[in-house]
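Reading the structure
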Amino acid sequence: MPDGDVLLSNTDGTILAQGTVLVCECRGDGLDLAVRRVAAFALVASLVVAGIVAARAAPFPILFIAGTWTAGATAALLAVRRRRRLHGLFRLDFERDELIQDGRGFRRVMPIQTIVSVSTPPASDTDVDEPGLAPRWLLLHLSTGEQLRLGRAPAYALGPALAFLRRAGVEA
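Below, the structure is looked at part by part. Nothing here was measured: the structure is a model prediction, and the numbers come from that model.

Some details on the nonpolar core
Counting residues in each nonpolar core, the largest one holds 27 residues, and the members touching the most others are Leu-92, Leu-138 and Leu-165. No other element matches helix α3 (residues 155-167), which puts six residues into this core. Those residues within four positions of Leu-138 in sequence are excluded, and the remaining contacts are Ile-15, Val-118, Ser-119, Thr-120, Leu-148, Arg-149, Leu-150, Gly-151, Leu-158, Ala-161, Leu-162 and Leu-165.

Here it is as structure tokens:
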């Protein structure tokens, strides 16, 4: 990543300020990889079961199990694909009025005016007891109804990035 003022840096991502440009990296790859591996296993196991049934070494109703595995794996892969649209490398250029999202396998360029607001809801996948230390998402809300995850950290750590966005005219 290019040099700039580091507003946030942790295992969940990085947020840099480069003049009037905010560069955010929030990959969200951990769940992606796990789901893809389990889904691949389920699909291979389904093929093996289907082969065993085709060879008449197992009764036909066993195919219902393979079908269930295939349906579950497909649903999980679709959910992960939809979730991928939330994450990526974001470049918010307020001087050129553009928002660029580089995700896994896609790139989107949108006008900066599609940003409606920013929020910091709690991350629901954690179990931290201290309210001030519980991780929160830094979310951009777009006019299309989509949300983009710019980073995840405790509220106090998201403060500099929120201040940058407010100075740039994004509503909280």
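What to know about helix α2 (residues 63-84)
Taking 1.5 Å of rise per residue, 22 residues should cover 32 Å, and α2 covers 31 Å from first to last C-alpha, within 8% of that figure. For α2, the set of buried residues is Ala-66, Ala-73 and Val-80. All buried residues of α2 project into a common sector of 60 degrees when viewed along the axis, lining one side. Counted as exposed and oriented over 90 degrees from the buried face of α2: Phe-64, Thr-68, Leu-78 and Arg-82.

Some words on the pairing of strand β4 (residues 88-93)
Pairing geometry for strand β3 (residues 21-26) and β4, over six bridges, is antiparallel. Within β4, the position partnered with Glu-25 by the bridge is Leu-89. Pairing geometry for β4 and strand β5 (residues 98-103), over five bridges, is antiparallel. Its bridge partner being in β5, Arg-91 is matched across the sheet by Ile-100. Connecting β4 to the next strand, β5, in antiparallel fashion are four residues, including Asp-97 with a positive phi near 55 degrees.

Side note on the layout of surface pockets
For the largest pocket, the calculated volume is near 350 Å³. Considering the residues around the largest pocket, the lining is formed by 22 residues, among which Arg-83, His-87, Trp-137, Arg-149 and Arg-152 are closest to the centre. Taken together, the residues of the lining of the largest pocket sort by class into seven nonpolar, seven polar and eight charged.

A look at the sheet that holds strand β8 (residues 135-142)
The strand order across the open sheet built from three strands is β7-β8-β9, with neighbouring strands paired in antiparallel fashion. The strands lining the two open edges of the sheet, one partner per strand, are β7 (115-119) and β9 (147-154). Strand-to-strand twist across the sheet, computed as the mean angle between neighbouring axes with direction ignored, equals 15 degrees. Across seven bridges, the pairing between β8 and β9 is antiparallel.

Brief notes about the packing of aromatic side chains
Summed over the entire model, instances satisfying the criterion amount to one aromatic pair. Considering the side-chain rings of Phe-94 and Phe-164, the 6.2 Å spacing of their centres and the 55 degrees angle between planes classify their relative orientation as tilted. Of this pair, Phe-94 sits in the loop between β4 and β5 while Phe-164 sits in helix α3, and the two are 70 residues apart along the sequence. The two residues Phe-94 and Phe-164 agree in class, both being buried.

Some details on a nonpolar patch on the surface
Side chains of Val-44, Val-48 and Ile-52 sit close together on the surface and give an oily, nonpolar patch of about 250 Å² of accessible area. One can find Val-48 in helix α1 (residues 29-54). Owing to a relative accessible area of 48%, Val-48 belongs among the partly exposed residues under this scheme.

Looking at the pattern of salt bridges
Inspection of the entire model under this criterion finds four salt bridges. One salt bridge connects Arg-152 with Asp-12, and the closest N-O pair in it is separated by 3.2 Å. Remark: Asp-12 occurs in the loop between β1 (5-10) and β2 (13-18) and Arg-152 occurs in strand β9; sequence separation between them is 140 residues.

Focus: the side chain of Asp-93
Take Asp-93: it is sitting in strand β4. One buried charge, Asp-93, has no salt-bridge partner; the nearest side chain with opposite charge is Arg-96, at 4.1 Å. In terms of polar contacts, Asp-93 uses its side chain to reach the backbone amide nitrogen of Glu-95, at 3.1 Å. With sequence-adjacent residues up to four places away left out, Asp-93 is seen in contact with Thr-20, Val-21, Glu-98 and Ile-112.

Procedures and definitions
- Residues numbered from 1 in each chain as written.
- Predicted model: local features only at pLDDT ≥ 70, side-chain atom pairs only at ≥ 80, totals over all residues.
- Heavy atoms only, no water.
- Core = buried A, V, L, I, M, F, W, Y, C linked by side-chain atoms within 4.5 Å.
- Buried < 20%, exposed > 50% of the residue type's maximum accessible area, 1.4 Å probe, protein only.
- Helix = DSSP H or I, 4+ residues; strand = E, 2+ residues; numbered from the N terminus.
- Contact = heavy atoms within 4.5 Å.
- Expected span 1.5 Å × (residues − 1).
- Arc of directions from axis to C-beta.
- Pairing = 2+ DSSP bridges.
- 1 Å grid on protein atoms, 1.4 Å probe; cavity = no way out; pocket = protein on both sides within 12 Å on 5 of 7 lines; lining within 4 Å.
- Points joined across faces, edges and corners; volume = space filled by probe spheres on them.
- Nonpolar A, V, L, I, M, F, W, Y, C, P; charged D, E, K, R; others polar.
- Axes fitted to C-alpha atoms, helices over the stretch in contact; angles between N-to-C directions.
- Phe/Tyr/Trp six-rings, centres within 6.5 Å; stacked < 30°, edge-to-face > 60°.
- Patch = residues over 30% accessible without salt bridge, like charges linked within 9 Å, V, L, I, M, F, W, Y side chains within 5 Å.
- Areas by Shrake-Rupley, 256 points an atom, 1.4 Å probe, with all protein chains shown as cover.
- Salt bridge = Lys/Arg side-chain N within 4 Å of Asp/Glu carboxyl O.
- Lys, Arg positive; Asp, Glu negative; His and termini not counted.
- Polar contact = N/O pair within 3.5 Å; in protein donor to acceptor, adjacent residues only side chain to side chain.

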